[in-house]
Amino acid sequence: MHVFDRNSNIFNLLSEAVSEGILVINKEQVIVSANSRASEMFGYGPTELRGKSLNILIPETYRKSHDKYITGYHKEKNRRLMAEGRNLYGLRKNDEEFPVEVGLNPFSLYGNTYVMALVVDVTERRKNEKEILELNKNLEQKIKARIGELRDTVAELKREIKRRKEAEAKIQGALKKEKELNELKTKFLSLVSHEFKTPLSGILTSATLIGKYTEDGQEEKREKHLKTIVAEVQHLNHILTDFLSVERLEKGKEMYKLTKFSLSKVVNEVVYNTNMLLKSGQQIRYPQNVDDAMVYQDEKIVLLALTNLLYNAVKYSPEDTEVDLQIEIIKDKMILRVVDQGIGIPKNDQKHIFERYFRAENVLLTQGTGIGLNIVKSHIDNLGGTIYFESTENIGSTFIVELPIKQ
Ligand code: ADP
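Because the structure is predicted, anything quoted here is derived from the model rather than measured.

Trainee: Teacher, can you tell me more about helix H8 (residues 372–382) here?
Mentor: Structurally, the α-helix is built with 3.6 residues per turn, so residues lying three or four positions apart point the same way. Those residues of H8 that sit buried are Gly372, Leu373, Asn374, Ile375, Val376, His379 and Ile380. Gly384 lies just past H8 and shows a positive phi near 80°.

Written out as structure tokens, the structure is:
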């Protein structure tokens, strides 16, 4: 024990030279020596710790586990840092607890076993660690907040991209429509110009011939050519009406004008115009009983639909046949039927009949543009109606239009 006396030169020299607190403890857990740093650290006078139980330096709550630890440690006898990874506390004389780090070094001297404990007061370090932890926590929170903000920005950007994409799609759609409309106009104009040639040369021929039949008794021939002229002009007029109607169709629904009108007035006008196109022996039957029927619809579209259906019925039927126009008014809708005994529509072509420019294979030698029914169907659809047909080749066709007629 004397070897650890404060006056022992060797120990003094060694223990006062280091910055850590040094405690030498014997097997009975009694402090046999403490350097100045250790005494200061625990708040004791220079010689006060010597001979005291180690327990006075250990907070009450840790004493039990410490005893166990030390017993185990004496058995193993190797150098190590005490309670690595756990926080250790020392107890000062004034009962203040403070964090320490302890390194244990076992050794034997003159047949006795000791442990030299190197004690470092880590109050400052722990404080720093705590500050660092807090700083880290703050930083984490800031990062989290930033990430949140970034997420919001990304979401906003995504929404913006979606909005722009939608706008772009809209513009593309409008452009496509515009392009289609232009193509349609070009196609239609070339079709119409082509379609105008035949009637115009017919008119020219008839007009020239009329000029030649100047004699009495040639009235009948003059009459015939006049009739041809009228019919051809009617035909041209019809094509132009279709053309103007396409324009109207592309401009949208707001173009429709619903009014209350007399159905018989429209029927008479259509029948009168179609009569001029009749082939020899053809006749149109139409009801006289719609005289007082007033309907609420777009008059021009009803006229356009009926004209198309009746013209087609006459055009695609041979001489000496009958075209039957039937009108039925049920509650709030009217049903128009145009029945002919004409060439009919080949079965394979039937599904295409309402497509723009489509013409069935059995009409290719007859004048036509393939646009009339397409336009009529679009208008009827827009007005909340339907159009459909039944047809058998070489027997005849029935086209049916149903339209709402109430306000
Ligand atoms: P267009 O008569 O100018 O060819 P439409 O659009 O009016 O054009 O008709 C489209 C096609 O439908 C016609 O070309 C013809 O093949 C067929 N079609 C229409 N109506 C009849 C009908 N009453 N009888 C036979 N075929 C018809």
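Trainee: It is not clear to me how the nonpolar core should be interpreted in this structure. Could you clarify?
Mentor: In summary, soluble globular proteins display a tendency toward joint burial of nonpolar side chains. In this structure, Leu263, Leu306, Leu310, Leu325, Met334, Val338 and Phe399 are the most contacted members of the largest nonpolar core, which totals 56 residues. Ranked by residue count, the leading element in this core is helix H7 (residues 299–315), at 9 residues. For this core, the two domains that each supply at least three residues are domain 2 (123–254) and domain 3 (256–404). Residue contacts for Leu263: discarding those within four places in its chain leaves Ala293, Val295, Val302, Ile327, Ile329 and Met334. Counting 20 residues, the second largest nonpolar core, distinct from the first, contains Ile25, Ile58, Val115 and Ala117.

Trainee: What should I look at first to understand H7 in this one?
Mentor: Over its 17 residues, H7 extends 24 Å from the first C-alpha to the last, a length consistent with the 24 Å expected when each residue adds 1.5 Å. Burial analysis of H7 places 13 of its 17 residues in the buried class, which makes it a mostly covered element. Between the side-chain oxygen at the start of H7 and the backbone nitrogen of Lys300 there is a gap of 3.1 Å, and the oxygen is on Asp298.

Trainee: What is the right way to look at the pattern of salt bridges in this model?
Mentor: Where side chains of opposite charge bring their charged atoms close, a pairing between them can arise. Taken as a whole and assessed by the stated rule, the structure comprises 21 salt bridges. Between Glu160 and Arg163 there is a salt bridge, with its nearest N and O atoms 2.9 Å apart. With a gap of 3 residues between them, Glu160 and Arg163 both fall in helix H4 (residues 123–212), about one helical turn apart. For Glu160, a relative accessible area of 27% gives the class partly exposed. Residues joined by salt bridges that share partners form a network here, namely Glu156, Arg159, Glu160, Arg163 and Arg164.

What counts, and at which threshold
Residues numbered from 1 in each chain as written. Predicted model: local features only at pLDDT ≥ 70, side-chain atom pairs only at ≥ 80, totals over all residues. Heavy atoms only, no water. Buried < 20%, exposed > 50% of the residue type's maximum accessible area, 1.4 Å probe, protein only. Helix = DSSP H or I, 4+ residues; strand = E, 2+ residues; numbered from the N terminus. Core = buried A, V, L, I, M, F, W, Y, C linked by side-chain atoms within 4.5 Å. Domains from an automatic or database assignment. Contact = heavy atoms within 4.5 Å. Expected span 1.5 Å × (residues − 1). Polar contact = N/O pair within 3.5 Å; in protein donor to acceptor, adjacent residues only side chain to side chain. Salt bridge = Lys/Arg side-chain N within 4 Å of Asp/Glu carboxyl O.

Function-wise, these values are silent; they only describe arrangement.
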